[in-house]
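# Tertiary structure, described
Chain by chain, the residues:
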Amino acid sequence: MRIDIISVVPNLMSSFFEHSICKRAANAGLVEVVLHDLHDFSEKKHKQVDDYPFGGGAGMVIAIEPLTKCLDTLMAERTYDEVIFFSPDGLVFKQGLANQLSLCTNMIFICGHYKGIDERVREKYVTKEISIGDYVLSGGELAAAVCADAIIRLIPGAIGDEMSALTDSFQDGLLAPPVYTRPASFQGMDVPEILRSGNDKLIEAWRHEQAVQRTMQRRPDLLTD
Ligand code: SAH
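My aim in this report is to walk through the structure given alongside it, one point at a time. What you are looking at is a predicted structure, and each value in this text was computed from that prediction instead of being measured. (Residues numbered from 1 in each chain as written. Predicted model: local features only at pLDDT ≥ 70, side-chain atom pairs only at ≥ 80, totals over all residues. Heavy atoms only, no water.)

What follows deals with helix 8 (residues 200-218). The end-to-end C-alpha separation of helix 8 is 26 Å, in line with the 27 Å expected for 19 residues at 1.5 Å each. Within helix 8, the full set of buried residues consists of Ile203, Trp206, Gln210, Ala211 and Thr215. For helix 8, the angular spread of the buried residues around the axis is 165°, confining them to a single face. Contacts from the buried residues of helix 8 go to helix 9 (220-224). Sitting at the amino-terminal end of helix 8 is Asn199, which places a side-chain oxygen 3.2 Å from the backbone nitrogen of Lys201. (Helix = DSSP H or I, 4+ residues; strand = E, 2+ residues; numbered from the N terminus. Expected span 1.5 Å × (residues − 1). Buried < 20%, exposed > 50% of the residue type's maximum accessible area, 1.4 Å probe, protein only. Arc of directions from axis to C-beta. Contact = heavy atoms within 4.5 Å. Polar contact = N/O pair within 3.5 Å; in protein donor to acceptor, adjacent residues only side chain to side chain.)

Here it is, written out as structure tokens:
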């Protein structure tokens, strides 16, 4: 999988992709994340990428020229399954969409900034618009990192125990059950006996029951979806 991320502040994401699971997946040759600085595609003297909004009002808008230049350059090099723009008015990102996108070969992520990007780019190039929740961020970089992480960890081999991603919250429509590690007893708090019984069937049943209970208490909406 290859993910090209277009941003006006790519450095915000570089450390993120150089650590943990994203780094491991990259080292294993499972994913390549390429960060593009939109300023490199500006033909203006000071590499400016934004401009005043038509109609007036507060805030700047990312201009169409550098963005289309960057997109056209990438699209001439390979075929992309998706061109994703991160935006508060997009489809709210959920596990199902992460699963779906984990099957893609090449994707472009566009991070907005300021008031957003010129609408014509959205109309002409963008295939999916994703929001990571009902709040407004200063830029799409954190949203891009969130989605890339959720997608990359699903690629087989990206995380140590391949089964682990499939037993996380949401995969089966339930939240995950509680987890414990050693010591079995700490300041009077004991790990549930059943988890130490060695009886896999009972443990499985206990975990399922806990997952259902937790989902009923915290996210009953998941059970009716
Ligand atoms: N004027 C826009 C907000 C711009 S915020 C509006 O009111 O909808 C600047 C950029 O941050 C956006 O273009 C988008 O790329 C990113 N962003 C902000 N909030 C986001 C969210 N909840 N999900 C995904 N991207 C978001």
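So, next bit.
Bringing the pattern of salt bridges into the picture now. This structure, assessed with the given rule, holds 14 salt bridges. Notably, a salt bridge pairs Arg2 with Glu32, separated by 4.0 Å at the nearest N-O pair. Of the two residues, Arg2 is situated in strand 1 (residues 2-7) and Glu32 in strand 2 (residues 32-37); the sequence distance between them amounts to 30 residues. The salt bridge partner of Glu77 is Arg78, with a shortest N-O separation of 3.3 Å. Since its relative accessible area comes to 48%, Glu77 is described here as partly exposed. For Arg78, a relative accessible area of 21% corresponds to the partly exposed category. Three or more residues are tied together by salt bridges with common partners; here these are Arg2, Asp4, Glu32, Glu77 and Arg78. (Salt bridge = Lys/Arg side-chain N within 4 Å of Asp/Glu carboxyl O.)

Here we come to helix 6 (residues 141-152). Between the first and last C-alpha of helix 6 there are 16 Å, a value that for twelve residues agrees with the 16 Å anticipated at 1.5 Å per step. Judged by how many residues are buried, helix 6 sits mostly within the fold: nine of twelve residues are covered. Within the span of helix 6, buried status applies to Glu141, Ala143, Ala144, Ala145, Cys147, Ala148, Ala150, Ile151 and Ile152.

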